Amino acid sequence: MRITVETTVAAPIDQVWRAYTTPADIMAWNAASDDWHTTKATVDLREGGVFSSRMEAKDGSMGFDFAGTYTTIVEHKLIEYSFGDRKAEVEFVPGAKGVVVRVVFDSEPTHSVEQQQGGWQAILDNFARHVQAKKKS
């Protein structure tokens, strides 16, 4: 099953793209809740390049690596990647109110569709807040 999440970011496409693909930015926004954080991120933004984010509970009780391989990169438009036996696409669509960032990904069997959609949406909402706060400063 495929799950879709999206947000609109009130910022120029180059700022949105950079924040989505820069390790320092990823570490700032990549968490679904305040009690989690990303402690390390790597990005090799090219087809065949790999990425990885280390996500951990702030209390140190658990953590995991989210990693994959980029399969398609169209600058300022599209990032496709595989992670394990799953795939995801991230679309960047500039519009009148900002850039719509839409992520479509394969679900996994461990968590409910609602949990997965909620977690990925929370991360995407953090992303939008991060970019918009950065734009103001």
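Keep in mind that this is a model prediction, so the values were computed, not measured.

> I would appreciate a short explanation of the pattern of salt bridges in the present structure.
Working definition: two side chains of opposite charge can pair if their charged atoms are close together. The full count for this structure, using the stated rule, is 9 salt bridges. For Glu89, the salt bridge is made with Arg2, and the minimal N-O distance between the two is 2.2 Å. Remark: Arg2 occurs in strand E1 (residues 2-9) and Glu89 occurs in strand E6 (residues 86-95); sequence separation between them is 87 residues. On the accessibility criterion, Arg2 (37% relative accessible area) is partly exposed. The salt bridge involving Asp25 is made with Lys134; its shortest N-O contact spans 2.7 Å. Linking Asp25 in helix H2 (residues 23-29) with Lys134 in helix H3 (residues 113-136), this pair joins segments that are 109 residues apart in sequence.

> Just to check I follow, could you spell out the nonpolar core for this structure?
Across soluble globular proteins, you tend to see nonpolar side chains buried next to one another. Ranked by size, the top nonpolar core spans 29 residues in total, and within it Val16, Tyr20, Phe92, Val101 and Phe127 carry the most contacts. Ranked by the residues each element gives to this core, the list is headed by H3, at 5 residues. Those residues in contact with Phe127 that sit more than four places away from it in its chain are Val9, Val16, Ala19, Tyr20, Trp29 and Val101.

Conventions we followed
- Residues numbered from 1 in each chain as written.
- Predicted model: local features only at pLDDT ≥ 70, side-chain atom pairs only at ≥ 80, totals over all residues.
- Heavy atoms only, no water.
- Salt bridge = Lys/Arg side-chain N within 4 Å of Asp/Glu carboxyl O.
- Helix = DSSP H or I, 4+ residues; strand = E, 2+ residues; numbered from the N terminus.
- Buried < 20%, exposed > 50% of the residue type's maximum accessible area, 1.4 Å probe, protein only.
- Core = buried A, V, L, I, M, F, W, Y, C linked by side-chain atoms within 4.5 Å.
- Contact = heavy atoms within 4.5 Å.

This is a description of form; function is not addressed.
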